[in-house]
Amino acid sequence: MATRNRTLLFRKYRNSLRSVRAPLSSSSLTGTQSGVGPVIEMASSSLLNPNRSYAPISTEDPGNSSKGAITVRLPPAWVDVSEEISVNIQRARTKLAELGKAHAKALMPSFGDGKEDQHNIETLTQEITFLLKKSEKQLQRLSASGPSEDSNVRKNVQRSLATDLQLLSMELRKKQSTYLKRLKQQKEDGVDLEMNLSRNKYRPEEDDFGDMLNEHQMAKIKKTEELSEEREKEIQQVVESVNDLAQIMKDLSALVIDQGTIVDRIDYNIENVASTVEDGLKQLQKAERRQKHGGMVMCVSVLVSLCFIMLLLLILKEIFL
Amino acid sequence: MVLVTSVRDYINRMLQDISGMKVLILDSETVSNVSIVYSQSELLQKEVFLVEMIDSISVSKESMSHLKAVYFIRPTSENIQKLRYQLANPRFGEYHLFFSNLLKDTQIHILADSDEQEVVQQVQEYYADFVAGDPYHFTLNMASNHLYMIPAVVDPAGLQRFSDRVVDGIAAVFLALKRRPVIRYQRTSDTAKRIAQESAKLMYQQESALFDFRRTESSPLLLVIDRRDDPVTPLLNQWTYQAMVHELIGLQDNKVDLKAIGSLPKDQQEVVLSSEQDAFFKSNMYENFGDIGMNIKRMVDDFQQVAKSNQNIQTVEDMARFVDNYPEYKKMQGNVSKHVTLVTEMSKLVEARKLMMVSQTEQDLACNGGQGAAYEAVTDLLSNESVSDIDRLRLVMLYALRYEKENPVQLMQLFNKLASRSPKYKPGLVQFLLKQAGVEKRTGDLFGNRDLLNIARNMARGLKGVENVYTQHQPLLFQTMESITRGRLRDVDYPFVGDHYQQGRPQEVVIFMVGGTTYEESRSVALQNATNSGIRFILGGTAVLNSKRFLKDLEEAQRISRSGSHMV
């Protein structure tokens, strides 16, 4: 697609107009300096232009001092909060990648116990969940009060961060559920394998003594007990994580935009903003008016004047008595 | 597809190189261009945290220098003035200016003059100056569309403005496509001729360096035609989904405003019908009403299945699965209720206005012969109490367009009957339509009764019978596209501008209809493109018409002509 860049032409015009403007503006200085005029012109023009954030100290012409002196004001405080949140989100993202690797490692057949892998996974999961919860709480702080342009910016920043958070939490859940599924499958395979082995061992000894049978049965029962305990623990874990993340998702879904709906249209958002800003303005004006004509103000002023009168009377009484 | 992609690419390029928090400032026209292809969530991903209109931005005095301003506006003189004021009192840290069409040097000079604080970082022309609603259909959303019907002497300044806007839009389309076309126009239309000639002047003389793109083996074709050559299509009632929604309720920038229908939940009062974002709509937008009903029923059944399984949560795994699938489920629910609401509303309207009966007669008038039977049918419907005024007007217009010359006595009787039954009817509107678009003014063979080949084709169709009585009408555009595909577009009727010439068939054709297009025609173009005939057609117009809009334009033009003739 074709485009055309007009910036060069624009800059050319701007520079030529600037040089036309600068001598004109400094010649508006007091006429008594006309003798040393050119020298001052050069000096003041060099002060005015290069450094934008430098406010020239010329005292003779206060009108000129505002030119070329854009002070870049600091962004409002909530920007720091939003930056903190995005940093946390980034951190959570890297940890999630680590978690994926840890899951893969734990699923691989290993000679060790696998307990330290489990521990690693648990800590990582907890850290990520903690980061997500913290970010979500901070996100609520971003909610602004009162209609203004700044509040719209805040609302939009909130929405954007909420979408990121929601995606992260969904990814976390997906990773967890696939890991658990694979783990269960592995365990089942392992159990089947063991069952098969024990059955194979079992059969030729069927005709053996009852004690041996009982021993085998006891061992099997113990094993199934252990298995069911483990299963229960895992289910507990799943329930906990579902609870945690469900809460986060519920809160976030209020903020996140549903794609494809009217709320996702730019023109709808502009119209709505305009109407809410107008409404807000009207409310403020109404409140202001009510306050001015309000009974409260009257009462307060009456009471204060009464106080003064009483005080005066008291003093007079003291003087005359 | 290519137009939608071009506008999206322009917007992406605008935003990608500017880091940090941004505010996007649009004007009343570019807001439509942008909103129809780009969503709010995508803007948020690009760190655009505020979107404002250029009119309202001067009102507030808050300084937000931590934001960078990205302006995307049309280079009109009003916008330049507003921009001057805003540059002289800058509220934002940086200013990046993007204009949707060509800037004049004087405008750049004015802007450079007012940028005393030197906040402007770049000035670019990004030619996204049209509303790309569908893959092969664009519009310019022009408010004063009726001007094309008025002769130049009545309002020369207005017509010049109209023509300039159209030429700007056409130029932007070709700059976005990076092509320079060969131009043809409809001989009988002065407005079309003027626009064609001014476009040629712009592309080949005034800005010929800008349009000097790599030549392909066959140049694309720009065909400028006039709405008045086919006044029948906008008057007909529609029965395919997208066209029907626009005809009965109204579709503006792919949005449907349902606020007039009471008792709807807040999130259904305004809905979006976009083939890009809604898969169900994409597969059903050109289907007729009966098929849509069946498809919606199927969709509702599927959804009820999903809903039932969601309520049937037994195990922990089910619970986890529910939470995972919840966003999808919510989206599906929103989509299903949107389509159900639309179809219910349209069914109600069809029932109330007896549109099945009315439309059958309309289709007969448009497609089949038989003056006597037509007269009887129209008279009956005019006497019918439940037929609304606008439908009566449309029937008489269609009859008049077809049987203009046959049996003038009966035609006069119909006019009188219409005037007596419809108190709101403005007298003379039908005659005005005939003056604008009557049989002498038309080039194409609108009713298939001029050309021998067309007569034969119609007879064959009559013998074979039609699949669906309500969608038997083919817009005239279909025949035009066929002629282009066969390489048989007559030079006599559609001459070339100046010394343009085209050897063989073009591979890309942009058809611009002065006066507006309809969704029935855009459907025809989409279906034609799907046949892979080797030619890609793109359709554009000054507005997207339904019968209400077309009649409004007619009334407006009639009013101006009357007052004009009084002045003359």
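Given the structure is predicted, the values throughout are model-derived calculations rather than measurements.

1. Considerations on the overall build of chain A
Helix and strand counts for chain A come out as nine helices and one strand. Starting at the N terminus, the α and β elements of chain A follow one another as β-α-α-α-α-α-α-α-α-α. By the burial criterion, 30% of the 321 residues in chain A qualify as buried. Taken as a whole, chain A presents about 21,700 Å² of accessible surface, with 59% of it coming from carbon and sulfur.

2. Remarks on the nonpolar core
Residues Phe130, Phe162, Met397, Tyr399, Val430 and Leu554 of chain B are the most contacted members of the largest nonpolar core, which totals 111 residues. Here this core gets twelve residues from one element, more than from any other, and that element is helix H6 (residues 156–177) of chain B. Residues contacting tyrosine 399 of chain B, with those up to four places away along its chain left out, are Leu365, Gln371, Ala374, Tyr375, Val378, Glu404, Gln410, Leu411 and Leu414 of chain B. Core analysis: the second largest hydrophobic core is formed by 61 residues, Ala92, Leu99, Leu107 and Leu124 of chain A among them.

3. Here's the deal with the interface of chain B and chain A
Counting residues at the interface gives 73 residues for chain B, matched by 60 residues for chain A. Regarding the contact of chain B and chain A, the summed buried area is about 5,900 Å², with carbon and sulfur atoms giving 58% of it. Interface area lost by chain B to chain A is led by Gln40, Phe49 and Glu118 of chain B, which between them contribute 10%. Taken together, chain B and chain A are joined by seven salt bridges. Note that arginine 6 of chain A is salt-bridged to aspartate 105 of chain B, the shortest N-O span being 3.8 Å. Linking chain B with chain A are 19 residue pairs in polar contact (both at pLDDT 80 or more), by the criterion used here. Of the residues that constitute the side of chain B that touches chain A, the class distribution is 35 nonpolar, 17 polar and 21 charged.

4. Regarding the confidence of the model for chain A
Residues and elements named next belong to chain A. Mean pLDDT over chain A: 74, with 69% of residues reaching 70 or higher. No element of chain A has a lower mean pLDDT than helix H3 (residues 62–65), at 38, and none a higher one than strand S1 (residues 3–5), at 94. Note that residues 27–70 has pLDDT below 50 and, in this model, 38 contacts with residues that lie over four places away or in other chains.

5. Concerning a positive patch on the surface
Residues Lys282, Lys286, Arg289 and Arg290 of chain A make up a contiguous surface patch of positive charge. Tracing the backbone through its elements, the reader meets lysine 282 of chain A in helix H8 (residues 266–292).

6. A short note on the side chain of threonine 517 of chain B
Examined against the element boundaries, threonine 517 of chain B turns out to sit in the loop between strand S13 (508–514) and helix H20 (519–530). Setting aside anything within four residues of it in sequence, one finds threonine 517 of chain B in contact with His137, Arg227, Leu539, Gly540, Gly541, Ala543, Val544 and Leu545 of chain B.

7. Some details on a negative patch on the surface
A cluster of acidic residues, Glu225, Glu226, Glu229 and Glu232 of chain A, forms a negative patch at the surface. Structurally, glutamate 226 of chain A can be placed in helix H7 (residues 210–255).

8. Concerning the environment of valine 224 of chain B
Residue and element names in this part refer to chain B. Looking at the element boundaries, valine 224 is found in strand S9 (residues 221–226). It is 11 Å that separates the C-alpha atoms of valine 224 and valine 509, two residues lying 285 residues apart in sequence. If we skip the residues at most four places from it in the chain, valine 224 touches Arg184, Tyr185, Gln186, Ala192, Ile195, Ala196, Phe512 and Val514.

9. Points about the side chain of serine 275 of chain B
Of note, serine 275 of chain B is situated in the loop between strand S12 (270–272) and helix H10 (279–284). Serine 275 of chain B sits in the buried class, given a relative accessible area of 5%.

10. Brief notes about the packing of aromatic side chains
All names here are of chain B. Within this structure, the stated rule accounts for 14 aromatic pairs over all chains. Pairing phenylalanine 211 with phenylalanine 213 gives two aromatic rings, centres 6.5 Å apart and planes at 75 degrees, and the pair type is edge-to-face. Centroid distance tryptophan 239 to tyrosine 470: 5.2 Å. Interplanar angle 55 degrees. Geometry classified as tilted. In this pair, tryptophan 239 is assigned in the loop between helix H8 (232–235) and helix H9 (241–248) and tyrosine 470 in the loop between helix H18 (452–464) and helix H19 (476–486), connecting sequence segments 231 residues apart. Within the aromatic cluster, the residues linked to one another by ring pairs are Tyr10, Phe98 and Tyr126.

11. A short note on the UniProt feature "transmembrane region" (unreviewed entry) in chain A
The positions that UniProt labels "transmembrane region" (unreviewed entry) are, in the present scheme, residues 295–316 of chain A. The annotated region residues 295–316 of chain A carries 100% helix and 0% strand content, and the separation between its end C-alpha atoms amounts to 31 Å.

12. As for unusual backbone geometry
Residue and element names in this part refer to chain B. With a phi close to 55 degrees, asparagine 407 is a non-glycine residue in the positive phi region. On the secondary structure map, asparagine 407 appears in the loop between helix H15 (389–402) and helix H16 (408–421). Judged by relative accessible area, asparagine 407 falls into the partly exposed class, the value being 32%. Even without being a glycine, asparagine 532 presents a positive backbone phi close to 50 degrees.

Parameters and conventions
Starting afresh in each chain, residues are numbered from 1 along the sequence in its written order. A letter from A marks each chain and a number from 1 marks each ligand, given out in the order of writing. Reporting of local features is limited, given that this is a predicted model, to residues whose pLDDT is at least 70; pairs of side-chain atoms are given and counted only at 80 or more, and all residues count toward the totals for whole chains, interfaces and linings. In computing side-chain values, all of the structure's heavy atoms are included and hydrogens and water are not. To qualify as a helix, a DSSP run of H or I must reach at least 4 residues; to qualify as a strand, a run of E must reach at least 2; elements of each kind are numbered from the N terminus. Think of it in three bands: with a 1.4 Å probe and only protein chains considered, a residue is buried below 20% of the maximum accessible area for its type, exposed above 50%, and partly exposed in between. Residue burial considers only the protein chains on display, and all accessible areas are found by Shrake-Rupley using a 1.4 Å probe. Buried residues of nine kinds, namely Ala, Val, Leu, Ile, Met, Phe, Trp, Tyr and Cys, make up a nonpolar core once their side-chain atoms join them within 4.5 Å. Whether two residues are in contact is decided by their heavy atoms: any pair within 4.5 Å suffices. By buried area we mean how much accessible surface two parts lose on assembly, using a 1.4 Å probe and totalling the loss over both. Salt bridge, as used here: a side-chain nitrogen of Lys or Arg that lies within 4 Å of a carboxyl oxygen of Asp or Glu. Polar contact criterion, stated in full: a pair of N or O atoms within 3.5 Å, where within protein one must be able to donate a hydrogen and the other to accept it, and residues adjacent in sequence count only if both atoms are side-chain atoms. Basically, the charged four are Asp, Glu, Lys and Arg, the nonpolar ten are Ala, Val, Leu, Ile, Met, Phe, Trp, Tyr, Cys and Pro, and anything else, Gly included, counts as polar. The predictor attaches a confidence to each residue, called pLDDT, with possible values from 0 through 100. Residues enter patches when they are more than 30% accessible in relative terms and free of salt bridges; like-charged ones are connected within 9 Å and nonpolar ones (Val, Leu, Ile, Met, Phe, Trp, Tyr) within 5 Å. Two residue types count as positive, namely Lys and Arg, and two as negative, namely Asp and Glu; His and chain ends fall outside the count. Just so you know, the charge point we use is NZ for Lys, CZ for Arg, CG for Asp and CD for Glu. Note on aromatic pairs: the rings of Phe, Tyr and Trp (six-membered ring only in Trp) are paired at centre separations within 6.5 Å, and the planes decide the class, stacked below 30 degrees, edge-to-face beyond 60, tilted for the rest. UniProt positions are given in the numbering used here, feature names are shortened, and annotations may be inferred rather than shown by experiment.

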